[in-house]
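Residue-level listing of the chains:
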Amino acid sequence: MNPKEFWKSSTSARIGIGRSGGSIPTSELLKFRLDHARARDAVLVEPDFDTINLGLEKIFQPLGSEIVRVESLAKSREEYLLRPDLGRRISEPSRARLESKKGIYDLVLIGVDGLSAKAVDSNLIPFLQVLVPILSEQKYKIAPFVLGKLGRVAIGDEIGEILGARAAVLLIGERPGLTSADSLGMYLTFDPKLGKTDESRNCISNIRPDGLDFHKATLKTAYLLSESLKRGISGVDLKDEMTPDFLENSINRSNITNST
C-alpha cells in the first residue's frame, strides 16, 4: 500500500481526494453534498424519543430504576437553535417531576438530544448497554435516568442539583461534522449546580462505532467518574492520567475500582 492509500484508509477525513481540472472529482463532490445533507438533517430533526424510552426501560427496569422525561425551556427545535440559553434550563413541569425523585445519589445519568438526533437514535442505547452494567458493579447509588428534550450540556447542572447527585454524567448528540453526523459526547460534572461553566467538566467526544467505540468510552467514563467521586473534583482540576495501554486493552473490570 502506498503512503497515500495508507493515510486515506486511516481516517474518514477528506485527504487525497484528487482533482479534475481546477475542481475536485464529481464523485467526491457528490459525497461532500451527501455528508452535508446528513449533517443538516442531524441538527434539524428530533430523535425518536418513544423508541429510545423503550430501550432505556429494558436497561434500567431490571435494576429497579425509573426513567424521567424532561424538557428545556425551548418550545421548538427552531427556538432551541436560535436561543442556546433556553436549552440550558429545564421547564417548570420538568422541575416538578425531578423534585419528586430527589434523594442522595452518587450520580445521575442523563441523555439529551443536543445537536444530533442521529447520534442519540443510533448510539445512546448501545453505549448505555455497555456502560450501565459496569457502573452498576461499582455499587454507585444511581438516580433515575433522565431523558431530556431540546437540551444543551449545561442542563445537566440543574438536573443534578435538583436530584441531589454528587456527579452528573450527561450524554448528548454532538454538533455534526461532514464525516461524523452521529457522534455522541459525554460530559462529567462533579457537584452539578446552576452556574457551573465548561471548565468544570470533563468531556469524551466522538463516541460511536467509527470513532471511540463503546467499550473504550466506557473505560474512560468509568475511570474519570471514579477519580471525580474519590477526589471531589472534575474539569480542569481532574487530569486524565489513564495510560494509553489501559485504554487500548479490552474491558478489564478489575481495573475499574469503586473509589467512593
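Keep in mind the model is a prediction, meaning the values are calculated, not measured.

About the cut-offs
Residues numbered from 1 in each chain as written. Predicted model: local features only at pLDDT ≥ 70, side-chain atom pairs only at ≥ 80, totals over all residues. Heavy atoms only, no water. Helix = DSSP H or I, 4+ residues; strand = E, 2+ residues; numbered from the N terminus. Rg over C-alpha atoms; globule rule 2.2 N^0.38 Å. Buried < 20%, exposed > 50% of the residue type's maximum accessible area, 1.4 Å probe, protein only. Contact = heavy atoms within 4.5 Å. Areas by Shrake-Rupley, 256 points an atom, 1.4 Å probe, with all protein chains shown as cover. Phe/Tyr/Trp six-rings, centres within 6.5 Å; stacked < 30°, edge-to-face > 60°. Lys NZ or Arg CZ within 6 Å of the ring centre and 35° of its normal. 1 Å grid on protein atoms, 1.4 Å probe; cavity = no way out; pocket = protein on both sides within 12 Å on 5 of 7 lines; lining within 4 Å. Points joined across faces, edges and corners; volume = space filled by probe spheres on them. Pairing = 2+ DSSP bridges. Right-handed = clockwise from strand over helix to strand, strands pointing away. UniProt positions renumbered as here; feature names shortened; annotations may be inferred. Expected span 1.5 Å × (residues − 1). Arc of directions from axis to C-beta. Axes fitted to C-alpha atoms, helices over the stretch in contact; angles between N-to-C directions. Parallel < 35°, antiparallel > 145°, perpendicular 65-115°, else oblique. Nonpolar A, V, L, I, M, F, W, Y, C, P; charged D, E, K, R; others polar.

1. Points about the overall build of the chain
Now for step 1: When you go through the chain residue by residue, the secondary structure sums to nine helices and six strands.
Now for step 2: A compact globule built from 260 residues would reach a C-alpha radius of gyration of about 18 Å, and the chain, at 19 Å, matches this within 12%.
Now for step 3: Taking all 260 residues of the chain together, 47% fall into the buried category.
Now for step 4: In the chain, 72% of the contacts between residues at least 6 apart in sequence involve partners at least 24 apart.
Now for step 5: Total accessible area on the chain stands at roughly 12900 Å², and carbon and sulfur atoms take up 51% of it.

2. Notes on the packing of aromatic side chains
The description of an aromatic ring pair rests on the distance of the ring centres and on the angle between the ring planes.
Now for step 1: Applying the stated criterion to the full structure yields two aromatic pairs.
Now for step 2: The ring centre of Tyr 80 lies 4.3 Å from the NZ or CZ of Arg 152, which sits over that ring.

3. Concerning the layout of surface pockets
Now for step 1: Of the volumes computed, that of the largest pocket is approximately 280 Å³.
Now for step 2: If you trace the largest pocket, you find 15 residues lining it, with Leu 115, Arg 152, Val 153, Ile 172 and Tyr 187 closest to the centre.

4. Here's the deal with the pairing of strand S3 (residues 145-149)
Now for step 1: In terms of residue burial, S3 counts as a mostly covered element, since four of its five residues are buried.
Now for step 2: Examined bridge by bridge, strand S1 (residues 67-71) and S3 share five bridges and lie parallel to one another. Bridging from a neighbouring strand, Ile 67 pairs with Phe 145 of S3.
Now for step 3: Sheet topology places strand S2 (residues 105-112) next to S3; three bridges connect them, and they run parallel. The residue of S3 that forms the bridge with Ile 110 is Val 146.
Now for step 4: Considered for its hand, the β-α-β crossover made up of S2, helix H6 (residues 117-137) and S3 is right-handed.

5. Notes on the environment of Arg 33
Now for step 1: Within the secondary structure layout, Arg 33 lies in helix H2 (residues 26-44).
Now for step 2: A relative accessible area of 54% places Arg 33 in the exposed class.
Now for step 3: For the pair Arg 33 and Gly 103, spaced 70 residues apart in sequence, the C-alpha to C-alpha distance is 49 Å.

6. Quick notes on the UniProt feature "binding site: adenosylcob(III)alamin" (unreviewed entry) in the chain
Now for step 1: UniProt's entry tags Val 153, Glu 174 and Cys 203 with the feature "binding site: adenosylcob(III)alamin" (unreviewed entry), counted in the numbering of this structure. Spanning 51 residues, the annotated positions come together in the fold, the maximum distance between their C-alpha atoms being 11.3 Å. Here the residues from the annotation list that line the largest cavity are Val 153.
Now for step 2: Checked against the element boundaries, Val 153 lands in the loop between S3 and helix H7 (155-163).
Now for step 3: Look past the residues within four positions of Val 153 in its chain and what remains in contact with it is Leu 170, Ile 172, Tyr 187 and Arg 201.
Now for step 4: Of note, Cys 203 is situated in strand S6 (residues 201-207).
Now for step 5: Overall, the relative accessible area of 43% leaves Cys 203 in the partly exposed class.
Now for step 6: Leave out the neighbours within four places in its chain, and Cys 203 touches Met 186 and Tyr 187.

7. Quick look at H2
Now for step 1: Taking 1.5 Å of rise per residue, the 19 residues of H2 would be expected to cover 27 Å, and the 27 Å separating its terminal C-alpha atoms lies within 8% of that figure.
Now for step 2: What H2 keeps buried is the set Glu 28, Asp 35, Ala 39, Ala 42 and Val 43. Buried positions in H2, seen along its axis, are confined to an arc of 95° and lie on one side of it. Across from the buried face of H2, at angles greater than 90 degrees, the exposed residues are Thr 26, Leu 30 and Arg 33.

8. A word on unusual backbone geometry
Now for step 1: Non-glycine residue Leu 150 carries a positive phi angle of around 60°.
Now for step 2: Here Leu 150 is to be found in the loop between S3 and H7.
Now for step 3: A residue is classified by how much of its surface remains accessible, and Leu 150, at 4% relative accessible area, is buried.

9. Some remarks on the packing of helix H3 (residues 49-60) against H6
Now for step 1: Interaxial distance between H3 and H6 falls to 10 Å at its minimum, and their mutual angle equals 5°. By the criterion of interaxial angle, the relationship of H3 to H6 is roughly parallel. Contact residues: Ile 52, Gly 55, Leu 56, Ile 59 and Phe 60 in H3; Val 120, Asp 121, Leu 124, Ile 125, Leu 128, Gln 129 and Val 132 in H6.
Now for step 2: Its residues assigned to classes, the contact of H3 with H6 comprises nine nonpolar, two polar and one charged.

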